[in-house]
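# Chain and residue survey
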Amino acid sequence: MYQAPRGTRDFTPEEMQKRQYVEENIRSTFQSFGYQEIQTPTFENLKLFTAKSGETIIDEIYSFTDKGGRDLALRPELTAPVIRFYVDKLQMRPKPLKLFYFGNCYRYDRPQKGRYREFRQAGCEIIGVDTPEAYAELIALSYTILEKLGLKNIQLNIGNLRILDCLFKKYKLTKKQQKYITPLIDKSQYTDLQDALKDFNLSDKNSKEFIEALQLSNINKLQGYIEINGNIEKEISKQKQIMNLLRDSFDIKNYHFKLGIVRGLDYYTDIVFEIEAPELGAEKQLCGGGGYELIRLFGGKETPTAGFAIGFDRTILALETEGYIFPTSRLDAYVIPVNKEMISKSLQIAQQLRKQGCIIDVDLMRRGIGKSLKYANSRNSKKAIIVGPDELKQNSVTIRDMETGEQKLVEIKNILEYIK
Ligand code: HAM
């Protein structure tokens, strides 16, 4: 027996119904904010992903050499591919350019609940603008997507890497030291962080202050922790404007400022944000994003870029955990020919109804009425249309309501009225 590879999943028709519903819902929210959908390839040149992160990223992704000797990788995310596409073909488009996408991503992660080797993302990038209102709208979009899907228990955290950099500079942490502690900050592993800071010769007092600053949720208290000079004052004011706009213009109040939001990817440089569903436990992060720089690295003309991606699979897990009832699509009717002579007419009736917008299935196995009704029931069909010779003589069929069992003789030309 063959099994799907580790970290991948098959989806049943019922699961696909949920996924399609979620995808359509997200698509309509992106569109309502003026974003346009694009698609990029599932695999890219490996260099696209090593350009920023270096060769170490190869351990975390699916990379391979093709038959022509090219080094390729299954995409671990879509921001680098979208920016490659932008630099290659979209640079001349009017700004801001608002693009969204759905796509499967591949990471050589250790699989567990909510963490897979193949997973789906819904994401977007906004190119050419970095005003506070652009950031506020971007963050509001991510929150609105999850809220409109019906999620109740979500938490938005917003950080700022430029302000965090000031904190790093205050304690004279080298780039190498910053790289070492970033994952610890990301996972809020403060005991390990304290040990690391001790190794970097920070005094107990300084390391306590450093960790306190990371956990600050009141931006006005930053003064006590970092030196506020011209540039940083501008950053803090921008951060405050974004948060005020979220509250006053987008009616989003459920957010926290958190300097400890560092993000796992190397290209972020500016505002960063994450949305989590606390009920999901270890893999609770539903969405991550922020401002980043990749355009110049890919040979394009520099312009601001920001975006986010929502983990599609975790979003569905979060909805299920909250007991969300997904709408199900049902068969409008199941058509049953009572004998071989009725097959042609049954297929014709089914086809006519489909052309009129109904969801129709028809018996293809020449089963008796009893078995066919049982099957119609298992497919959750609303009605059964029984096509028999006596009824046909009167240009009619029998329509059975699958919920009440009630049956009616209905003229063929009037079927639509009875099943819609
Ligand atoms: P990311 O935080 O790496 O960001 O991924 C975004 C989301 O994808 C996560 O919040 C999580 O929900 C989901 N995700 C990540 N890894 C897995 C996994 N192994 N299994 C299931 N879900 C997963 C990015 O990918 C950036 N490209 C986002 C972005 C767009 N930043 C700017 N523009």
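Going by the structure above, here's the rest.
Basis of the calculations
- Residues numbered from 1 in each chain as written.
- Predicted model: local features only at pLDDT ≥ 70, side-chain atom pairs only at ≥ 80, totals over all residues.
- Heavy atoms only, no water.
- 1 Å grid on protein atoms, 1.4 Å probe; cavity = no way out; pocket = protein on both sides within 12 Å on 5 of 7 lines; lining within 4 Å.
- Points joined across faces, edges and corners; volume = space filled by probe spheres on them.
- Nonpolar A, V, L, I, M, F, W, Y, C, P; charged D, E, K, R; others polar.
- Domains from an automatic or database assignment.
- Phe/Tyr/Trp six-rings, centres within 6.5 Å; stacked < 30°, edge-to-face > 60°.
- Helix = DSSP H or I, 4+ residues; strand = E, 2+ residues; numbered from the N terminus.
- Buried < 20%, exposed > 50% of the residue type's maximum accessible area, 1.4 Å probe, protein only.
- Lys NZ or Arg CZ within 6 Å of the ring centre and 35° of its normal.
- Disulfide = S-S within 2.5 Å.
- Near = heavy atom within 4 Å.
- Polar contact = N/O pair within 3.5 Å; in protein donor to acceptor, adjacent residues only side chain to side chain.
- Areas by Shrake-Rupley, 256 points an atom, 1.4 Å probe, with all protein chains shown as cover.
- Axes fitted to C-alpha atoms, helices over the stretch in contact; angles between N-to-C directions.
- Parallel < 35°, antiparallel > 145°, perpendicular 65-115°, else oblique.
- Left-handed = near helix turned anticlockwise from the far one by under 90°.
- Contact = heavy atoms within 4.5 Å.
- Pairing = 2+ DSSP bridges.
- Salt bridge = Lys/Arg side-chain N within 4 Å of Asp/Glu carboxyl O.
- Core = buried A, V, L, I, M, F, W, Y, C linked by side-chain atoms within 4.5 Å.

A few words now on the layout of surface pockets. Size it by volume and the second largest pocket reaches roughly 360 Å³. Along the lines of polarity and charge, the residues of the lining of the second largest pocket split into five nonpolar, five polar and four charged. Of the domains in this structure, domain 1 (13-321) and domain 2 (333-419) are the two that each give at least three residues to the lining of the second largest pocket.

This brings us to the packing of aromatic side chains. If you walk through the whole model with that rule in mind, you get 17 aromatic pairs. Measuring from ring centre to ring centre gives 6.4 Å for Tyr 21 and Phe 326, while their planes differ by 90°; the resulting arrangement is edge-to-face. Within this pair, whereas Tyr 21 is found in helix H1 (residues 13-32), its partner Phe 326 is found in the loop between helix H10 (312-321) and strand E12 (333-337), the two being separated by 305 residues in sequence. For Tyr 21, a relative accessible area of 24% corresponds to the partly exposed category. For Phe 326, a relative accessible area of 10% puts it in the buried group. Arranged with centres 6.3 Å apart and planes meeting at 75°, the rings of Tyr 180 and Phe 200 form a pair that is edge-to-face. One end of the pair, Tyr 180, is in helix H6 (residues 175-186); the other, Phe 200, is in the loop between helix H7 (190-199) and helix H8 (204-215), and 20 residues separate them in sequence. For Phe 200, a relative accessible area of 19% gives the class buried. Over the face of the ring belonging to Tyr 116 we find Arg 9, whose NZ or CZ atom lies 3.5 Å from the ring centre. The residue whose ring lies beneath Arg 19 is Phe 11, and the NZ or CZ to ring-centre distance is 3.8 Å.

With the rule as written, the count across this model stands at zero disulfides. Free cysteine: Cys 105, not disulfide-bonded; nearest cysteine sulfur from Cys 287 at 13 Å. Classification of Cys 105 as buried rests on a relative accessible area of 0%. Cys 124 takes part in no disulfide bond, and the closest cysteine sulfur, belonging to Cys 287, lies 8.3 Å away. Exposure remark for Cys 124: the relative accessible area of 0% places this residue in the buried category.

Taken together, 27 residues surround the ligand, and among them Glu 77, Thr 79, Glu 125, Tyr 268 and Gln 285 come closest. The backbone of Gly 311 places a nitrogen or oxygen atom 3.4 Å from an oxygen atom of the ligand. Protein contact buries 96% of the 660 Å² of open area that the ligand shows by itself. Every element with two or more residues in the shell around the ligand is listed here: strand E6 (118-127), strand E10 (285-292) and strand E11 (305-311). Counting residues per element, the shell around the ligand draws most heavily on E10, at six residues. In the shell around the ligand, the residues fall into twelve nonpolar, eight polar and seven charged.

Let us now look at the packing of helix H5 (residues 161-170) against helix H9 (residues 230-248). When two helices pack together, their arrangement is given by the angle between their axes and by how far apart the axes lie. At a minimum axis distance of 9 Å, the contact between H5 and H9 shows a crossing angle of 140°. Considering their axes alone, H5 and H9 lie oblique with respect to each other. H9 is crossed by H5, and the crossing has left-handed handedness. Residues Arg 162, Ile 163 and Cys 166 of H5 touch H9, and the partners they reach there are Ile 232, Glu 235 and Ile 236. Partitioning the contact of H5 with H9 into residue classes produces four nonpolar, no polar and two charged.

With antiparallel pairing, three strands are arranged side by side in an open sheet as E2-E4-E3. Looking at the sheet topology across the chains shown, the edges are occupied by strand E2 (43-45) and strand E3 (63-65). Sheet twist, expressed as the mean angle between neighbouring strand axes with direction ignored, is 35°. Bridge count for E2 against strand E4 (residues 71-74) is three bridges, and the pairing is antiparallel. Each bridged residue has a counterpart across the sheet, and for Glu 44 the counterpart in E4 is Ala 73.

Across all of its chains, the model carries 32 salt bridges by this definition. Put simply, Lys 18 and Glu 320 hold a salt bridge, and the shortest N to O gap is 2.9 Å. Placement of Lys 18 in helix H1 and of Glu 320 in helix H10 is noted, with a sequence separation of 302 residues between them. Overall, the relative accessible area of 24% leaves Lys 18 in the partly exposed class.

Of all hydrophobic cores here, the largest spans 105 residues; its most connected members are Phe 30, Leu 156, Ile 181, Leu 193, Phe 210 and Phe 308. The residues touching Leu 156, leaving out its near neighbours within four places in the chain, are Ile 139, Tyr 143, Leu 246, Ile 252, Asn 254, Tyr 255, His 256, Phe 273, Glu 274 and Ile 275. Met 342, Ala 350, Ile 360 and Ile 399 belong to the second-largest nonpolar core, a separate cluster that totals 16 residues.

Below, the discussion takes up the side chain of Gln 178. If you trace the backbone, Gln 178 turns up in helix H6. Residue Gln 178 is classed as buried on the basis of its relative accessible area, which comes to 11%. Dropping the residues within four chain positions of it, Gln 178 is found in contact with Asp 165, Phe 168 and Leu 173.

What follows concerns the packing of H6 against H7. Running from N to C, H6 and H7 point in directions that differ by 160°, and their axes come no closer than 9 Å. Accordingly, the angle class assigned to the pair H6 and H7 is roughly antiparallel. Every pair of crossing elements has a handedness; the one defined by H6 and H7 is left-handed. Where H6 abuts H7, its residues Tyr 180, Ile 181, Leu 184 and Ile 185 lie against Asp 192, Leu 193, Ala 196 and Leu 197. Among the residues forming the contact of H6 with H7, the class breakdown is seven nonpolar, no polar and one charged.

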